[in-house]
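One letter stands for each residue in the lines below.
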Amino acid sequence: MQSFPKQLLDGYRTFTTQRLPTEQSRYRELSERGQSPETMLIGCSDSRVSPEVIFDAGPGELFVVRNVANLVPVYQPDTGTHGVSAALEYAVNVLKVKHIVVLGHAQCGGIRAFIDKIQPLSPGDFIGKWMQMFIKPGEVVEQRDHESMAQFVERIEKAAVFRSLENLMTFPFVQKAVDAGQMQTHGAYFGVAEGSLFVLDKVAKEFKSVRDAA
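This section reports on the structure supplied with the text. Note that this is a predicted model, so its numbers are computed, not measured. (Residues numbered from 1 in each chain as written. Predicted model: local features only at pLDDT ≥ 70, side-chain atom pairs only at ≥ 80, totals over all residues. Heavy atoms only, no water.)

Any space left empty among the atoms is revealed by the rolling of a water-sized probe across them. Space inside the largest pocket adds up to approximately 320 Å³. Lining of the largest pocket is provided by 19 residues; of these, Ala113, Phe114, Ile115, Lys117 and Gln132 occupy positions nearest its centre. Put simply, the parts of the chain that give the lining of the largest pocket at least two residues each are helix H4 (109-116) and helix H5 (126-132). Of the residues forming the lining of the largest pocket, the biggest block, four residues, is contributed by H5. Its residues assigned to classes, the lining of the largest pocket comprises 11 nonpolar, four polar and four charged. (1 Å grid on protein atoms, 1.4 Å probe; cavity = no way out; pocket = protein on both sides within 12 Å on 5 of 7 lines; lining within 4 Å. Points joined across faces, edges and corners; volume = space filled by probe spheres on them. Helix = DSSP H or I, 4+ residues; strand = E, 2+ residues; numbered from the N terminus. Nonpolar A, V, L, I, M, F, W, Y, C, P; charged D, E, K, R; others polar.)

Here you go:
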């Protein structure tokens, strides 16, 4: 264990002495009857944006999938392997989640890489190919007149949430659950510096501050 990250070992020891004793019965219950979270959350891999921390979620409360730029691909029932699609399939058809939340955030590295058109980080250009999924064929994403770079980046970060919500509805089982009133989809945006949360108002098509609504 000498090479295992000390921070993780220290964290685990704190968990076993402080949090585990108060939640031991919860963990035993989850191990015996399985998980039944009501919410699936699709977030970014960014270490600053932990859904469990942001929403103060306990064990078994969130079914979380994280990837670069919190993207949802379109439904593609082909011979490829699709991690996000597999998680969606399980969450909707087995766990029967009632909500799917796509959580975007400020200072997203994946979005910035897309905007800056960075050179491939490896011969596979995995990030570049992944981020291309964000736009439709022939679609052009450019900075608008009188729009600062910060405003441009934020607009595209939020656009990624809109696109992911749109792509969610290409999955037949998601569409079926939504149409039946068994499930809802939601968008949210987290401001890292302030710890602020904005929830998408689908009617107004804009993100509104949770603090202002409180």
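Okay, the packing of H4 against helix H6 (residues 149-168) next. Where H4 meets H6, the closest approach of the two axes is 10 Å, and the angle between their N-to-C directions is 115 degrees. Crossing angle aside, the handedness with which H4 passes H6 is right-handed. Note on element contacts: H6 touches H4 through Met149, Phe152, Val153, Ile156, Glu157 and Ala160, opposite Ile111, Arg112 and Ile115. (Axes fitted to C-alpha atoms, helices over the stretch in contact; angles between N-to-C directions. Left-handed = near helix turned anticlockwise from the far one by under 90°. Contact = heavy atoms within 4.5 Å.)

Looking now at the pairing of strand S3 (residues 99-105). When you tally the buried positions in S3, you get six out of seven residues, the bulk of the element. Alignment of S3 against strand S4 (residues 184-191), held across seven bridges, turns out to be parallel. Residue Ile100 lies in a different strand from S4, and its bridge partner there is Thr185. (Buried < 20%, exposed > 50% of the residue type's maximum accessible area, 1.4 Å probe, protein only. Pairing = 2+ DSSP bridges.)

All right, on to the packing of helix H3 (residues 83-93) against helix H7 (residues 172-179) then. It is at 10 Å that the axes of H3 and H7 come closest, and there the two elements cross at 30 degrees. One way to sum up the angle between H3 and H7 is to call them roughly parallel. Like other packed secondary-structure pairs, H3 and H7 cross with a definite hand, here left-handed. For the pair H3 and H7, the contacting residues are Leu88, Glu89, Val92 and Asn93 in the first and Phe173, Val174 and Ala177 in the second. (Parallel < 35°, antiparallel > 145°, perpendicular 65-115°, else oblique.)

Before going further, it helps to examine the nonpolar core. Judged by nonpolar contacts, the single largest core of 26 residues is most densely connected at Met40, Leu88, Ile100 and Leu168. Dropping the residues within four chain positions of it, Ile100 is found in contact with Met40, Ile42, Leu88, Val92, Leu168, Met183, Gln184, Thr185 and His186. Cys44, Ile115, Ile135 and Val153 belong to the second-largest nonpolar core, a separate cluster that totals 14 residues. (Core = buried A, V, L, I, M, F, W, Y, C linked by side-chain atoms within 4.5 Å.)

With mixed pairing, the six strands of this open sheet are ordered in space as S2-S1-S3-S4-S5-S6. Every other strand in the sheet has two partners, leaving strand S2 (62-67) and strand S6 (206-209) as the edge strands with one partner each. Each strand of the sheet is rotated relative to its neighbour by a mean of 30 degrees, with strand direction disregarded.

Attention now moves to the packing of aromatic side chains. Inspection of the entire model under this criterion finds nine aromatic pairs. On the basis of an interplanar angle of 40 degrees and a centroid distance of 6.1 Å, the ring pair of Tyr12 and Phe15 is categorised as tilted. You can see Tyr12 and its partner Phe15 sitting in helix H1 (residues 6-33), three residues apart, about one turn around the helix. Ring centres 6.2 Å apart and planes at 55 degrees place the aromatic pair Tyr189 and Phe207 in the tilted group. Here Phe207 lies in strand S6 and Tyr189 lies in strand S4, a separation of 18 residues in the sequence. Phe207 gets classed as buried once you look at its relative accessible area, which sits at 12%. (Phe/Tyr/Trp six-rings, centres within 6.5 Å; stacked < 30°, edge-to-face > 60°.)

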